[in-house]
Amino acid sequence: MNIGLWWWSNLPHGPEDWKGPIGGFALSAFQRYQNPLKNDFPSDEEINNDLKLLKQYTPRIRTYSTLQNPQVYRLADKQGLQVMAGAWIDRRLDNNEKEIETLIAQARRYPNSINRVIVGNEVLFRNDIPPEQLMAYVDRVRAALRQPVSVAEPDYIWLKYPELAEHVDFITVHLFPYWNGMDRKDAIGAALGSYKELRAKYPNKPVVIGEIGWPSNGDRFQRADPSVSNEAIFLRQWFVTAKKENIDYYVMEAFDQPWKEKLSGRTEAYWGMFNADRQLKFPFTGPVTEDTAWPWKALAASLLALLPMIWFARHYSRFKLMGRFFFCALIQLACGLITWSATLPFNFYLSWIDWTMLVLLFPAQIAILAILLINGFEFTEVLWRRGWVRHAGLLAPDPVEKQPFVSIHLACYNEPPEMVIITLDSLAALQYENYEVLVIDNNTKDPAIWKPVQEYCEKLGSKFRFFHLEPWPGFKAGALNFGLKETDPRADVVAVIDADYVVREDWLATLTGYFHDPKVAVVQCPQAHRDFEHNRFRRMTAWEYDGFFRIGMHHRNERNAIIQHGTMTMVRRSALEGTGGWSEWTICEDAELGLRLMHAGYELVYVDELMGKGLTPADFKAYKSQRYRWAFGAMQILKGRWNWMTKKGPLSGGQRFHFLTGWFSWFADALHLIFTMMAIFWTAGMVAFPTIFSLPMQLFLIPVIGFFFAKAIFGIVLYRARVPCGWYDTLMASLASMGLSHAIARGILHGLTREKTSFVVTAKSRRLGGSNFAAFAPVREELLMAIALLSCVIGMGMRFGTQYVEGTLWMFILAAQSIPYVSAVVGAWIAHKAGDKAG
């Protein structure tokens, strides 16, 4: 399939063969790394070698200036080439005088080689001087020379100024179907039509086509696509047509001129029939292939993918055949893109700055493909497994005498007492004998909040104990460590739930049996939610949370690598105390504990049963704050346990894989923020200074767009397969997830650059609402980013429109980049309106 894809993208094309001399070439003799703007000119030897090469294909050349590279005329005379010599005319009147004087002198000195002359190249097209002044220059040169004299302009200039024809001996026209946005298939007909129109307009004047051609690379212009095969087909068809119609012409141009890219855009560098290294770009006979090196690239891509594909197919033979085929195809596609990305830059004339940017951006391309493969692996395992290897379900309850004693710890801070009391009632109703409940309130200032909870615990009896800690360090982990010291000595298991959860009566009875296995340290249930059905915001967030527990946790559980959560979790007490208790150096003490227990060699069991349900965050501010805390804590763990994850040790390869790559999607959010800031800056540069800031290459645009679509498809398909909700809830959950991107990005970047941050408790009860304008206060950064990106799209549309495919792709990427920010704004508005209705 890989080789077939390379073959299909490089199908040979078969234009008519050409055998014979070419009408002529427009010549700029600057070598690959030379630039007249930097006063870097070719030597006599280099020019002479170019003329020798061209003489093999044509007896005629055309020049543009008599002051620049004046030795061309002497060397052309020695080579026996005929020259249509040009004087460069522009707004520099003094320089114009020098050009004209030198043109006259050279034409008189080499009357045998300089057989006609051109006064000015596209002068009226550029509006450099008035037509009257240009005609005066022409009259002056005609009076001084015997050679025929003309002016070179596009066809519409000759039609606009018919008086110009009265001052020239012949008409020199430039025909560029490419710059007219023509499809290559229509280009010959369009050029021939323009030529015949001029012949009909001026029947008594010979018409010479001074420039005609097609670029081999650069930016697509409307329907005109620059490529080697299109250049070859156009020129070979033109050679045949011109011979048949007896047309006098000069090909634009002999050699690629990389220096022109900085002057007039990327495409200007690629008009040569020869590349800048003086190699012919295409044959004159037989079929034309866009990339003659494609077989080697296809082979390299296949070899690069071969061992990873074989390893995957054998190691995961438990997957269905379709799954193994799909992921192997994904590996091959990634290797093909790497090969393409690594070799494509060599088709361009890149400066050291371009190469530096490529070297810096290439790792980002690798990262994108790595994230795609990681997501693809999850996609493959979830969809095409034959069964879960480590599936765990509910157990039959133990008799009372065999029940492990469980100490349930409920840490709370500033929580509404009525909410905590509901949780306590559910714990009091547990169908389990051997347990206690420790309610640890840490640092709540207002006695009106914590006193009712204390009083209620006293009413519930001796199983319930209440502790008020003020002041107390360590956030939630500090409170849980206090609870660990107060735990009943009989306790074998410590269970933790959040203050807003309502648990099922059989929570402990059906799960504590797993602790009879001494290898098991944790039994984790999903973080589920309640009371969300009639609140649009709570509903979308509830289904967003559900996705991870239905998809990601199962995927990680296959390799004993789940993320332990700080609610609906049970921990073997001896393992918890033996590994150091709850870590107070990270704000994600739960996930860190799970990793630490894996490092100690324990098993973690994931049971996908909704044994308890809590409340979703009350508003978008709380929702963002929670995810920011998770991202920040993840980076604390990554930095603190880096050696565990990157070096061989107690952790298995699968565990290291998940704890390193499991946060890659969050890293993608951080990269998205950085890339967006760079894109805004670059777009502003392209709009304001298009000659300095060029359109991005397709090399970077296509993989980014492909990644965007692949990730969206993976997510939606997995949701539809695993999460028990309809299309509406799937799309709303996606909106909620995307709306968190900026908060996650900030959490990742802050977590990598800072040691600590405040532990902000997620608000679960509705806060007092405000004005409609206040609804956007939690997402003001996202709103500004969305406005900036929208402005960039509008600016690009006004500056470039859709004439360049790269410009259109770039506008699509800018629009796609805005989706997370727009999602956050929409999510904040939904939360605000849902709060109003709840109020």
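For the structure, check the block above.
Definitions and limits used
Residues numbered from 1 in each chain as written. Predicted model: local features only at pLDDT ≥ 70, side-chain atom pairs only at ≥ 80, totals over all residues. Heavy atoms only, no water. Pairing = 2+ DSSP bridges. Helix = DSSP H or I, 4+ residues; strand = E, 2+ residues; numbered from the N terminus. Axes fitted to C-alpha atoms, helices over the stretch in contact; angles between N-to-C directions. Contact = heavy atoms within 4.5 Å. Core = buried A, V, L, I, M, F, W, Y, C linked by side-chain atoms within 4.5 Å. Buried < 20%, exposed > 50% of the residue type's maximum accessible area, 1.4 Å probe, protein only. Phe/Tyr/Trp six-rings, centres within 6.5 Å; stacked < 30°, edge-to-face > 60°. Lys NZ or Arg CZ within 6 Å of the ring centre and 35° of its normal. Salt bridge = Lys/Arg side-chain N within 4 Å of Asp/Glu carboxyl O. Disulfide = S-S within 2.5 Å.

(A) Representation of the sheet that holds strand 18 (residues 612-614) in the model. Pairing is mixed across the open sheet formed by 3 strands, whose spatial order is 13-18-15. Here the strands that pair on one side only, and so sit at the sheet edges, are strand 13 (502-503) and strand 15 (528-529).

(B) Quick peek at the sheet that holds strand 9 (residues 406-412). Ordered by their spatial adjacency, 7 strands build an open sheet running 11-10-9-12-16-14-17, and the pairing between neighbours is mixed. On the outer flanks of this sheet lie strand 11 (464-469) and strand 17 (603-606), each paired with one strand and no other. Neighbour to neighbour, the strand axes of the sheet diverge by 20° on average, direction disregarded. Sheet strands touched by helix 17 (residues 536-557): strand 14 (520-524) and strand 17. Its angle to strand 17, the strand with the most contacts, is close to 150°.

(C) Examining the nonpolar core more closely. Grouped together as the largest cluster of nonpolar side chains are 103 residues, with contacts concentrated most on W158, W238 and F239. Those residues in contact with W158 that sit more than four places away from it in its chain are S150, V151, E153, L164, A165, V168, I171, T172, V173, L198 and Y202. One finds L480, V571, Y623 and M732 within the second-largest nonpolar core, a separate group that totals 60 residues.

(D) Expanded view of the pairing of strand 16 (residues 569-572). Residues of strand 16 alternate between two faces, with T569 and V571 on one and M570 and R572 on the opposite face, all of them buried. As paired strands, strand 12 (residues 493-496) and strand 16 are joined by 4 bridges and run antiparallel to one another. Looking across to strand 16, one finds that A495 is bridged to M570. Looking at chain direction, strand 14 and strand 16 are connected through 3 bridges and run antiparallel. Among the inter-strand pairings, V523 is bridged to a residue of strand 16, identified as M570.

(E) Highlighting the packing of aromatic side chains. In this structure the tally under the stated criterion is 53 aromatic pairs. Here the aromatic cluster, defined as three or more aromatic residues joined through ring pairs, consists of W18, F25, Y57, W238, F239, Y249, F255, F274, F282 and F284. Positioned above the aromatic ring of W727 is the side chain of R720, whose terminal nitrogen or guanidinium carbon lies 4.8 Å from the ring centre.

(F) The arrangement of the pattern of salt bridges in detail. Counted by the stated rule, this structure contains 36 salt bridges. We note a salt bridge from R74 to D44, for which the minimum N-O separation is 2.9 Å. Here R74 is found in helix 3 (residues 71-79), whereas its partner D44 is found in helix 2 (residues 44-55), with 30 residues between them in sequence. The salt bridge involving R550 is made with D546; its shortest N-O contact spans 3.2 Å. With a gap of 4 residues between them, R550 and D546 both fall in helix 17, about one helical turn apart.

(G) Structural view of the environment of V522. Inspection of the secondary structure puts V522 in strand 14. C-alpha of V522 to C-alpha of F221: the two residues are 301 residues apart in sequence and 61 Å apart in space. Leave out the neighbours within four places in its chain, and V522 touches F515, Q564, T569, M570, V571, L597, E603, L604 and V605.

(H) Molecular detail of the state of the cysteines. By the definition in use, this model includes 0 disulfides. This cysteine, C457, is not joined by any disulfide, and C412 carries the nearest cysteine sulfur, 8.4 Å off. Taking relative accessible area as the criterion, C457 reaches 1% and is therefore assigned buried. C588 provides the cysteine sulfur closest to C525, a residue in no disulfide bond, and the two sulfurs are 20 Å apart. Residue C525 is classed as buried on the basis of its relative accessible area, which comes to 1%.

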